[in-house]
Number of protein chains: 2
Amino acid sequence: MIEDQDKREPLSTEPYKGVRDFYPADWARLTATFNTIRTALELWGYEEYNASPLERAELYESKTSEEIVNEQTYTFEDRGQRRVTLRPEMTPTFARMVAGKRRELPMPLRWYSIPNLFRYERPQRGRLREHYQLNVDIAGIADAKADGEIIVIATEILKALGAKTEDFIVRVSSRPLLAAACAATGYDNEEAIRTYSRLLDKKSKMTLAEFEAALGPGRADPLKEIENPTDEKVREEKDKLMSLLEAFRARGLTNIVFDPEIVRGFDYYTGIVFEVYDTNPANPRAMFGGGRYDGLVGMFGGDPIPCIGFGMGDVVLMDFLETHGILPEIQTGPQVYVGTPSESDFFAAQSFAAQLRANGIRTLVNSSSKGLGDQIRDASRRNIPYFIAFGEQEASFGTIRMKTLATGDEQEISVEDVAARMSGS
Amino acid sequence: MIEDQDKREPLSTEPYKGVRDFYPADWARLTATFNTIRTALELWGYEEYNASPLERAELYESKTSEEIVNEQTYTFEDRGQRRVTLRPEMTPTFARMVAGKRRELPMPLRWYSIPNLFRYERPQRGRLREHYQLNVDIAGIADAKADGEIIVIATEILKALGAKTEDFIVRVSSRPLLAAACAATGYDNEEAIRTYSRLLDKKSKMTLAEFEAALGPGRADPLKEIENPTDEKVREEKDKLMSLLEAFRARGLTNIVFDPEIVRGFDYYTGIVFEVYDTNPANPRAMFGGGRYDGLVGMFGGDPIPCIGFGMGDVVLMDFLETHGILPEIQTGPQVYVGTPSESDFFAAQSFAAQLRANGIRTLVNSSSKGLGDQIRDASRRNIPYFIAFGEQEASFGTIRMKTLATGDEQEISVEDVAARMSGS
């Protein structure tokens, strides 16, 4: 029924522009990394949630400018004239779900998710149209306990992945501190504060002269007010932040520091904001970050619920692990290749394989009509560590020869001992 | 910076029409099920792959009618005038990825994936706009070894999930057999065979009179030819299928039977086709199925690569598990709640929690200013099995009282013994 296909041009094997195919080795590395993260978070009582990548467009339009929604998201109309967006970030979905069951959910709640996110942008290094992003959030704690916990969690995850304390540094600031400093230095409305915040967000990529030119002649820099507060409110907000940092130091966490230049892009932050930097001198860059957003859940009606969280993208994370030589070992492929001396041995080999599988050994059985030499080469090519030829002879004698492919060593052992020897490997 | 939001109408907390939110308990149940499937498949040497839900629309247009692509898929144009489709099935992506690395990939390959799939249709029971679907495929084996393995794998997965042999039955037929029987009874072109196949696919939902009326007056029914073959080619194809079924019986698999009425919807099948039915008399329905498709990879250029596989949707699967009382137990939430007698005990409690976590115990620490009674009620509400109050007193005495919330029992044990006692639980 597909004869008529033959006349067509061959289809392209390329994925859609800006997205990735995950072949088994790549996917295994990514899921091993995610699973380490899952275990670390669940030890702290965090629970995984998920949702569809399809969201009503209004979820983003109400808190971001329509321009951004139209230009940087995948937004389209469905056949029922509903405007649909492929989620560009997970926080609005998190807030929506928390708001949707606010009466039933025990607060505070600690949730995480590892969604794929979509952004319509030109593909470039580390910037894809789809990526995975770990999201970790706490809802229902307004005070510094949650601020402290979420930052500790960010560091715990990196440590669980094998990073050392000196491999990264957490830079923390506070939106209310920045707002107070702006107010104290003549930035007297929302728009002026927002414009300054955006400039500050880009400061690390500018020269000092460029920054001052952009600031405008004679304009005071709120950063100076933060450095040496003269205003009461600025002093108060700075003290609050300093006592949080003091608490980290008291717990021996010395790689968490104050950095007033940390802003973060989203408008919805209302408290502390932080970014985690790779300290690798060759590439000292921001890897991920987050902050407190106490107003988002209230947009769905009802009282606000204080929230704090962060998002960590898979591309930057895997780069970090690779740079520091701590990519996870992959252990999902078959552990043993059961070869068949002749085709008539297939069912005997399958019975033997069933025994191994019952003992938890990942087992591949040859299904080709090739000779044993070719089968051994096939096993090597697949990076399977052990090879056992198994036919009716082995079935009747009760002993097999197990070959370790990396060394070429062969050992004769009883069929019963195979499972024990493999599990120990 | 969100003050201006307050003036707006509250946002809806509903997800987009026809898709699901997965709150932690629901997601935990689904991932526990998927993880059991993963383990079962990996024991057979299957490896997980993944890809983006965004695909070039031509991937589907070339093998399905444009009508279906336009009416039953989410297809839209991106800002670069590329037509994009949210994948409605995984098989074309699998074929594309296999074709894309056909020179590097060791054949045969055994892959699986658990993608989310999208269909634009009216939401109804069991019919969502997005669902998850396990896909299991073998590429590179043309003979009955793969036909047999893929059907055994389908049954192994259900058994790994706790189903008994009598809970389901596999019904097998063959497209070449059906095509030969059609040819032998006067259906002399592709279109006539396709029309008959579609009618046969619906037969189980019709009365016999309706079926015969739809067949047309005086029209021969190819099913009768399959039952008692007169044609040489029909006999040959039927013998081939019978010997496959004989091989299952020889292995003691008695719930795999021949059913000539099995067709399957996709045009790309070229060999055996099968469907797995729930045998529950209250609801004896098809749960999932698959078949052989030897022509799909060749559509990307190069020689064809024979393939066989199946897809199993999450909604029907979870219904099956629920009906048969074998939904997985959920074990992802915290195992112990560490309460704090007073707020000043928070850091002592955190140090104690760190010890538990280091021993692999999922531990939640109270972060409220509530009294111990309220904390115990909070732990119960969260279904956390154990409660331990821990403050500076416990830290200095070295003993704690561990409360089992289900029974109210309390035991006094040393701090060192907690981990051992919890792991054993």
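Residues numbered from 1 in each chain as written. Chains lettered and ligands numbered in written order. Predicted model: local features only at pLDDT ≥ 70, side-chain atom pairs only at ≥ 80, totals over all residues.

Within chain A, the secondary structure is distributed over 15 helices and 19 strands. A compact globule built from 425 residues would reach a C-alpha radius of gyration of about 22 Å, whereas chain A, at 28 Å, exceeds it by more than 25%. Counting only C-alpha atoms and orienting by the principal axes, one finds that chain A spans roughly 90 × 60 × 50 Å. Expressed as a percentage of the 425 residues in chain A, the buried residues total 41%. Considering only contacts within chain A whose residues lie at least 6 apart along the sequence, 66% involve residues at least 24 apart. (Helix = DSSP H or I, 4+ residues; strand = E, 2+ residues; numbered from the N terminus. Rg over C-alpha atoms; globule rule 2.2 N^0.38 Å. Buried ≥ 20, exposed ≤ 12 C-beta atoms within 10 Å, placed from the backbone. Contact = placed C-beta atoms within 7 Å.)

Take the pairing of strand β19 (residues 410-414) of chain B next. Residues and elements named next belong to chain B. Counted residue by residue, β19 has zero buried out of five residues, so it is predominantly exposed. Both strand β18 (residues 399-404) and β19 contribute to a ladder of five bridges, which runs antiparallel. Following the sheet pairing, Ile400 is matched in β19 by Ile413. Counted between consecutive antiparallel strands, the loop separating β18 from β19 contains five residues, among which Gly408 sits at a positive phi close to 85°. (Pairing = 2+ DSSP bridges.)

All names here are of chain A. A sheet is described by the order of its strands in space; here three strands give the open sequence β4-β6-β5, paired in antiparallel fashion. Each edge of the sheet is formed by a strand with only one pairing partner; in this case those strands are β4 (54-56) and β5 (75-77). On average, each strand axis in the sheet is inclined to that of its neighbour by 35°, with strand direction left out of account. Relative to strand β6 (residues 83-86), β5 is paired through three bridges, and the arrangement is antiparallel. Paired with Thr75 across the strands is Thr85, a residue of β6. (Axes fitted to C-alpha atoms, helices over the stretch in contact; angles between N-to-C directions.)

Aligned on chain A, chain B shows an RMSD of 0.1 Å; the corresponding rotation is 180° and the shift along the axis is 0.0 Å. The relationship between the two copies is best expressed as a two-fold rotation axis. When each C-alpha of chain B is compared by its distance to the rotation axis, Phe76 of chain B comes out closest, at 3.5 Å. Comparing interface residues between copies, 100% of those in chain B also lie at the interface in chain A; the contact surface is shared. (Least-squares fit on C-alpha atoms with pLDDT ≥ 70 in both.)

Moving on to the sheet that holds strand β19 (residues 410-414) of chain A. All names here are of chain A. Spatially, the five strands line up as an open sheet ordered β16-β15-β17-β18-β19, and their pairing is mixed. The sheet is open, and its two borders are formed by β16 (363-365) and β19, each paired with just one other strand. Here the strands of the sheet are splayed against their neighbours by 25° on average, with no regard to which way each runs. Across the sheet, helix α13 (residues 372-381) lies against β15 (336-339) and β17 (386-389), angled at about 165° from β15, the strand it touches most.

Owing to its 3.6 residues per turn, the α-helix aligns residues three or four sequence positions apart on the same side. Residue and element names in this part refer to chain A. For helix α1 (residues 24-43), with 20 residues, the first-to-last C-alpha span of 28 Å sits near the 28 Å given by 1.5 Å per residue. Every buried residue belonging to α1 is among Pro24, Trp27, Ala28, Thr33, Ile37, Leu41, Glu42 and Leu43, and all of these are buried. The first or second residue beyond α1 is Gly45, which carries a positive phi of 85°. (Expected span 1.5 Å × (residues − 1).)

At the interface, 71 residues of chain B touch 71 residues of chain A. Per-element tally for the side of chain B that touches chain A: the top contributor is helix α1 (residues 24-43) of chain B, with five residues. Looking at the side of chain B that touches chain A residue by residue, the class counts come to 32 nonpolar, 13 polar and 26 charged. With two bridges connecting them, strand β3 (residues 50-51) of chain A and strand β1 (residues 21-22) of chain B associate as antiparallel partners. (Nonpolar A, V, L, I, M, F, W, Y, C, P; charged D, E, K, R; others polar.)

What follows concerns the domain arrangement of chain A. Structurally, chain A comprises domain 1 (24-51 + 87-323) and domain 2 (336-423). A straight line from the C-alpha centre of domain 1 of chain A to that of domain 2 of chain A covers 51 Å. (Domains from an automatic or database assignment.)

Right, let's get into unusual backbone geometry. Residues and elements named next belong to chain A. The residue after Met107, namely Pro108, is reached through a cis peptide bond having omega -5°. With respect to the helices, strands and loops of the structure, Pro108 is situated in the loop between α4 (91-100) and β7 (109-113). Notably, Asn383 is not glycine yet its phi reads approximately 60°, a positive angle. Within the secondary structure, Asn383 is located in the loop between α13 and β17.

This brings us to the pairing of β15 of chain A. All names here are of chain A. Here β15 shows no split at all, with Val336 and Val338 on one side and Tyr337 and Gly339 on the other all buried. Here β15 pairs with β16 via three bridges, running parallel. Residue pairing for β16: Val338 is matched across the bridge by Val365. Crossover β15 to β16 through helix α12 (residues 346-358) is right-handed. (Right-handed = clockwise from strand over helix to strand, strands pointing away.)

Residues and elements named next belong to chain A. In the contact formed by helix α6 (residues 175-184) and helix α10 (residues 232-250), the axes pass within 8 Å of each other and the chain directions differ by 160°. When the axes of α6 and α10 are compared, the pair comes out roughly antiparallel. When you trace α6 past α10, the crossing you get is left-handed. Within the contact between the two elements, α6 uses Pro176, Leu177, Ala180, Ala181 and Ala184 and α10 uses Lys233, Val234, Glu237, Lys238 and Leu241. (Parallel < 35°, antiparallel > 145°, perpendicular 65-115°, else oblique. Left-handed = near helix turned anticlockwise from the far one by under 90°.)

As a further point, take the environment of Pro304 of chain A. Residues and elements named next belong to chain A. Along the chain, the position of Pro304 falls in the loop between β13 (286-292) and β14 (307-313). Assessed through the 17 C-beta atoms surrounding it within 10 Å, Pro304 is described here as partly exposed. For the pair Pro304 and Lys403, spaced 99 residues apart in sequence, the C-alpha separation works out to 64 Å. Setting aside its immediate chain neighbours within four residues, Pro304 contacts Asp294, Gly295, Val297 and Gly298.

The next subject is the confidence of the model for chain A. For any part of a model where pLDDT is low, the fine detail of the predicted coordinates should not be relied upon. Residues and elements named next belong to chain A. Looking at chain A, the pLDDT average stands at 92 and 94% of residues meet or exceed 70. Per-residue pLDDT stays below 50 along residues 1-6; that stretch engages in nine contacts with residues further than four places along the chain or on separate chains. The ipTM value of the predicted complex is 0.94, and its pTM value is 0.94. (pLDDT = per-residue confidence, 0-100.)

So, on to helix α10 (residues 232-250) of chain B. Residue and element names in this part refer to chain B. Taking 1.5 Å of rise per residue, 19 residues should cover 27 Å, and α10 covers 27 Å from first to last C-alpha, within 8% of that figure. Listed in full, the buried residues belonging to α10 are Val234, Glu237, Lys238 and Leu241. The buried residues of α10 occupy an angular sector of 95° when projected down its axis, which confines them to one face. Residues of α10 that are exposed and angled more than 90 degrees away from the buried face: Glu232, Asp239, Ser243, Glu246 and Ala250. Packing partners of the buried residues in α10 comprise β10 (168-174), α6 (175-184), α9 (222-227), β11 (256-258) and β12 (272-278). With its phi angle positive at about 85°, Gly252 sits one or two positions after the end of α10. (Arc of directions from axis to C-beta.)

Quick look at the environment of Thr73 of chain B now. Residues and elements named next belong to chain B. Its place among the elements puts Thr73 in the loop between α3 (66-72) and β5 (75-77). Assessed through the 23 C-beta atoms surrounding it within 10 Å, Thr73 is described here as buried. Put simply, Thr73 and Ile388 are 315 residues apart on the chain and 53 Å apart in space, counted from C-alpha to C-alpha. The contacts of Thr73, once residues within four sequence positions are left out, are Tyr60, Thr85, Leu86, Pro88, Arg119 and Tyr120.

Moving on, we come to the environment of Arg175 of chain B. All names here are of chain B. The residue Arg175 is located in helix α6 in this model. Its 24 C-beta neighbours within 10 Å are what place Arg175 among the buried residues. Separated by 96 residues in the primary sequence, Arg175 and Gly271 have C-alpha atoms spaced 5.2 Å apart. Those residues in contact with Arg175, other than ones at most four positions away along the chain, are Tyr269, Thr270, Gly271 and Val273.

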